[in-house]
Amino acid sequence: SKGNHRHYMLKEIYEQPVVVAQTLKSYLQRMEDRVSLPIPDFDLGTIRRVTIVACGTSYYAGMVAKYWIEQFARVPVDIDVASEFRYRAPVMEDGGLMIVISQSGETADTLAALRYARAEGQKIAAVVNVPTSTMAREADLLLPTHAGPEIGVASTKAFTCQLAVLAAFAANLARAKGRLDAKAEKELVRHLSEAPAALNGALAYDESIEDMAHLVAGARDVLYLGRGPDYPLALEGALKLKEISYIHAEGYAAGEMKHGPIALIDDKVPVIVLAPSGPLFEKTVSNMQEVQARGGKVILISDYDGVQAAGEGCIATITMPKVHPLIAPMIYAVPVQLLAYHVAVAKGTDVDQPRNLAKSVTVE
Ligand code: M6R
């Protein structure tokens, strides 16, 4: 049931602190400050290359994971959307692990990609939310998310739980590769353990986001910008808005603006900038200022320090809890979900059952 929430989507957005905690619990041994996979005897040490394949929101979780795996484990990662991967005769070398990511575990293209990789001699890991699904059954290594049933067509809690699992996976792989000493592992576990509380902190901004929905609801086009592991969040924000509010939206790597999309900027295109404090903050802000210099109307999503430093001249700001850059993609999912939700409600669309979409895409 929706409980006292108006839509399943809102209920599922609000469940995130609990389900992410639940998911992390099965991957973190807090007391020992260790990250552990549920199947510890799977030998990650021999993996030479990772290939991630998924669709839609699950694909964006995979994009974030590429940053983590390459940064922590120094293992090269290829990533593709399943519908492209399966038809391009990808080269798969020995010692490769494919990770499929899927809420349903039944998406036709992702399943076909899994079977292609299997035939090419790859090991298969599956990050799925439905433990009885076809992908769960066919994988060598099952990495479940514990989000519980997701009813809303727009994926929300499955995404943040996928990120939690993928962060734990990246840490495990890093350890297996001898790239994570005990001290670094302890730090990582600490940051990950802070995610549920930070998700709660992010949800506290719900009403303010509702109040700014009108800034977006009347727009024809909306841009989302981010860098590094927050670039996939820009793509995810744009997808969420498209799906449920039917407003045209695009996500861009902030540094790509000057290579074309900045031509779109005028005072009618709201630009949502995701810029948590961290090594990429200044770079993203300078892209944001280029947008503002051309009359662009910016909504900045950052933490208190970021909003203090760069919020001036924005039409609105959204203040997130200050978190380690590692978990920022998880936390910044919340404001982009809530913004899409409130814009859709303002427009009166069918939030849980948007037109033309199915929850599980089992035909290609
Ligand atoms: O069940 P899956 O995770 O494999 O589904 C993948 C996509 O169909 C899904 O994420 C879709 O993009 C959602 N509607 C996004 O909100």
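Residues numbered from 1 in each chain as written. Predicted model: local features only at pLDDT ≥ 70, side-chain atom pairs only at ≥ 80, totals over all residues. Heavy atoms only, no water.

### Remarks on the side chain of T349
Along the chain, T349 turns up in the segment after α15 (328-347). Once residues within four sequence positions are removed from consideration, T349 is found in contact with I244, S245, Y246 and A344. (Helix = DSSP H or I, 4+ residues; strand = E, 2+ residues; numbered from the N terminus. Contact = heavy atoms within 4.5 Å.)

### Quick look at the site of the ligand
Neighbouring residues of the ligand: 14 residues in total, closest S58, S102, Q103, T107 and E243. Separating an oxygen atom of the ligand from a side-chain N or O atom of T107 is a distance of 2.4 Å. Here E243 contributes a side-chain N or O atom positioned 2.5 Å from a nitrogen atom of the ligand. Within the complex, the protein chains bury 92% of what would otherwise be the 410 Å² of accessible surface of the ligand. Among the elements of the structure, α3 (56-73) and α12 (231-245) are those that each provide at least two residues to the shell around the ligand. Classifying every residue of the shell around the ligand gives 4 nonpolar, 8 polar and 2 charged. (Near = heavy atom within 4 Å. Polar contact = N/O pair within 3.5 Å; in protein donor to acceptor, adjacent residues only side chain to side chain. Areas by Shrake-Rupley, 256 points an atom, 1.4 Å probe, with all protein chains shown as cover. Nonpolar A, V, L, I, M, F, W, Y, C, P; charged D, E, K, R; others polar.)

### Some thoughts on the packing of aromatic side chains
In this description, an aromatic ring pair is defined by two values, namely the gap between the centres and the angle between the planes. One pass over the full model with this rule turns up 2 aromatic pairs. One residue, R355, lies across the ring of Y246, its end atom 3.7 Å from the ring centre. (Phe/Tyr/Trp six-rings, centres within 6.5 Å; stacked < 30°, edge-to-face > 60°. Lys NZ or Arg CZ within 6 Å of the ring centre and 35° of its normal.)

### Some words on α3
Within an α-helix, residues lying three or four positions from one another point in the same direction, as the helix has 3.6 residues per turn. For α3, with 18 residues, the first-to-last C-alpha span of 25 Å sits near the 26 Å given by 1.5 Å per residue. Burial within α3 is extensive, with 13 of its 18 residues counted as buried. Backbone geometry just downstream of α3 places R74 in the positive-phi region, at approximately 55 degrees. (Expected span 1.5 Å × (residues − 1). Buried < 20%, exposed > 50% of the residue type's maximum accessible area, 1.4 Å probe, protein only.)

### A short note on helix α5 (residues 108-119)
Counted at 1.5 Å a residue, the expected span for α5 with its 12 residues is 16 Å, and the 17 Å between its end C-alpha atoms agrees. Taken residue by residue, α5 has A108, D109, T110, L111, A113, L114 and A117 as its buried positions. Looking at the buried residues of α5, the elements they touch are β3 (49-54), α4 (82-85), β5 (96-102), β6 (123-128) and α6 (134-138).

### Focus on the nonpolar core
With 99 residues, the main nonpolar core has W68, I69, I99, Y224, M330 and I331 as its most contacted residues. Sequence-distant contacts of I331, that is, excluding residues within four places in its chain, are made with A195, A198, L199, A202, M320, P321 and V323. Listed in part, the 18 residues of the second largest apolar core include L223, V273, F281 and L300. (Core = buried A, V, L, I, M, F, W, Y, C linked by side-chain atoms within 4.5 Å.)

### Points about the sheet that holds strand β7 (residues 141-144)
Taken together, 5 strands build an open sheet; the order of strands is β4-β3-β5-β6-β7 and the sheet is parallel. In this open sheet, the two edge strands, each paired with only one partner strand, are β4 (77-81) and β7. Recorded for the sheet is a direction-independent mean angle of 20 degrees between the axes of neighbouring strands. One ladder, built from 4 bridges, connects β6 with β7; its direction is parallel. If you follow V128 over to β7, its bridge partner there is P144. Strand contacts of α5: β3, β5 and β6, with the helix running at about 165 degrees to β5, the strand carrying the most contacts. Its contacts with the sheet place helix α7 (residues 157-176) against β3, β5, β6 and β7, and it is angled at close to 165 degrees to β5. (Pairing = 2+ DSSP bridges. Axes fitted to C-alpha atoms, helices over the stretch in contact; angles between N-to-C directions.)

### Re the pairing of strand β10 (residues 270-274)
Among the 5 residues in β10, 5 count as buried, and that is most of the element. Residues P270, I272 and L274 of β10 are buried on one face, and the alternating residues V271 and V273, pointing to the opposite face, are buried as well. Inspection of the sheet shows β10 paired to strand β11 (residues 297-303) by 5 bridges, in the parallel sense. Residue pairing for β11: V271 is matched across the bridge by V298. The handedness of the β10 to β11 crossover, carried by helix α13 (residues 281-293), is right-handed. (Right-handed = clockwise from strand over helix to strand, strands pointing away.)

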